[in-house]
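Chains, contacts and geometry: an overview
Below, each chain spelled out in residue letters.
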Amino acid sequence: MMNLSSRFTRYLPAVAILTLAMVMSGCQQEPETDMTDDSQNTTNQTANTQTPEAMPQTEQTTPSIEQHQAPLTILALGDSLTEGLGVDNDDNYPAQLETRLHEQGYKNAKVINSGLSGETSTGLVNRLDWVLQTKPDVTILTIGANDAIRGIDVATVEKNIRTAVKRLQDNGSEVILGGMQIYDNLGSDYVKSFAAIYPRVAKDMNVTLIPFFLEGVGGDPALNQADAIHPTKEGYTIIVDDNILPILVPKLEKFKSDDVTATTVADDPEPAPKLMPTEAL
């Protein structure tokens, strides 16, 4: 017994050290898991995999039509019927048309009055280089009445109108042609031949036609000035509301659509030069 006890005593320090090491090894804690990182990763994964239905509703950020509409230039090109001879500047048809367009939401529309009293179709062709500086998106062309008053050959009038339409189209302008009719004092043949110019040109050159620019106004003493030729303010209102807008507005819709999709419109586009009518002939 003494030998066994002596051996045990001799090895006791080694056993004690081994036992202590085993105890310490068993009690050592497992490495802590970074729960914060896992939680964050889980949150990020959840946010990234949300379906469109689960995403919070945000305010619509698509710019409004008015915010991104590029300037829209409408050129009113013609003679005294366009200029508005005998009425205030705010009462002629270009001014009333601009006001009505703004009321209908076309805040970017600018109607340039390029009417000239006494203008003939030849004179209009001669000043096209000047008026085209406005770079019109749409041109309302109303010309020919003064040619008829002078009895100018119908073929000449038609040739000039065709030249004007082509130049405008080549410049990128959408043309609306205002048809004209005249009194019978020049003879029925001339009257019929003259009236036939406008629908023929419109068909051949693929332009939109206002069949008779003065429809509902021409020949009505209550809507014309004392000369029985030039409309009053009230007459121009009818021309704008009944004869021009129903044809013009569908043309403008495509410009509105194009402007909504455009995202690189210049912040401060250079304004087109305004053409002031010169002294009447």
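Some details on the packing of helix H9 (residues 154–170) against helix H10 (residues 188–205)
The angle between the axes and the distance between the axes are what describe a pair of packed helices. One can describe the packing of H9 onto H10 by two numbers: an axis separation of 10 Å at closest approach and a directional angle of 25 degrees. Looking at the two axes, H9 sits roughly parallel to H10. You can see that H9 and H10 cross each other, and the crossing is right-handed. Taking contact as the criterion, the partners of Val-154, Val-157, Glu-158, Ile-161, Arg-162, Val-165, Lys-166 and Gln-169 in H9 are, on H10, Tyr-190, Ser-193, Phe-194, Ile-197, Tyr-198, Arg-200, Val-201, Asp-204 and Met-205. The class makeup of the residues in the contact of H9 with H10 is 10 nonpolar, 2 polar and 5 charged.

Side note on the confidence of the model for the protein chain
Scored by pLDDT, the protein chain comes out at a mean of 79, with 66% of its residues at no less than 70. Taken as a whole, residues 1–56 scores under 50 in pLDDT and shows 2 contacts with residues more than four places along the chain or in a different chain. Taken as a whole, residues 273–281 scores under 50 in pLDDT and shows 17 contacts with residues more than four places along the chain or in a different chain.

So, H9
Every α-helical turn comprises 3.6 residues, leaving residues that sit three or four positions apart pointing alike. An ideal rise of 1.5 Å per residue puts 24 Å on 17 residues; H9 measures up with 24 Å between its terminal C-alpha atoms. Within the sequence span of H9, burial applies to Val-154, Val-157, Glu-158, Asn-160, Ile-161, Ala-164, Val-165 and Leu-168. Take H9 and look down its axis: the buried residues cluster within an arc of 165 degrees, on one side only. In H9, those exposed residues whose orientation departs by more than 90 degrees from the buried face are Lys-159 and Asp-170. Its side-chain oxygen at 3.2 Å from the backbone nitrogen of Ala-155, Asp-153 defines the N-terminal cap of H9. In the stretch just after H9, Gly-172 is the one whose phi turns positive, near 90 degrees.

Quick look at the sheet that holds strand S1 (residues 72–78)
Across the sheet, 5 strands lie side by side as S2-S1-S3-S4-S5; this open sheet has parallel pairing. The open sheet has two edge strands, strand S2 (109–115) and strand S5 (208–210), and neither has a second partner. Ignoring which end each strand starts from, the neighbouring axes of this sheet average 20 degrees apart. In the packing of helix H5 (residues 93–103) onto the sheet, the strands contacted are S1, S2 and strand S3 (138–142), and the crossing angle to S2 comes to about 170 degrees. H9 rests against S1, S3 and strand S4 (174–178) of the sheet, and its axis sits at about 155 degrees to S4.

Focus: the packing of aromatic side chains
Per the counting criterion, the structure on display carries 3 aromatic pairs. Judged by centre distance (5.4 Å) and plane angle (65 degrees), the ring pair of Tyr-93 and Phe-213 falls under edge-to-face. With Tyr-93 in helix H5 and Phe-213 in the loop between S5 and helix H11 (233–261), this pair connects stretches of sequence that are 120 residues apart. Phe-213 shares its class with Tyr-93; the two are buried. Members of the aromatic cluster, joined through ring pairs, are Tyr-190, Phe-194 and Tyr-198.

Procedures and definitions
- Residues numbered from 1 in each chain as written.
- Predicted model: local features only at pLDDT ≥ 70, side-chain atom pairs only at ≥ 80, totals over all residues.
- Heavy atoms only, no water.
- Axes fitted to C-alpha atoms, helices over the stretch in contact; angles between N-to-C directions.
- Helix = DSSP H or I, 4+ residues; strand = E, 2+ residues; numbered from the N terminus.
- Parallel < 35°, antiparallel > 145°, perpendicular 65-115°, else oblique.
- Left-handed = near helix turned anticlockwise from the far one by under 90°.
- Contact = heavy atoms within 4.5 Å.
- Nonpolar A, V, L, I, M, F, W, Y, C, P; charged D, E, K, R; others polar.
- pLDDT = per-residue confidence, 0-100.
- Expected span 1.5 Å × (residues − 1).
- Buried < 20%, exposed > 50% of the residue type's maximum accessible area, 1.4 Å probe, protein only.
- Arc of directions from axis to C-beta.
- Polar contact = N/O pair within 3.5 Å; in protein donor to acceptor, adjacent residues only side chain to side chain.
- Pairing = 2+ DSSP bridges.
- Phe/Tyr/Trp six-rings, centres within 6.5 Å; stacked < 30°, edge-to-face > 60°.

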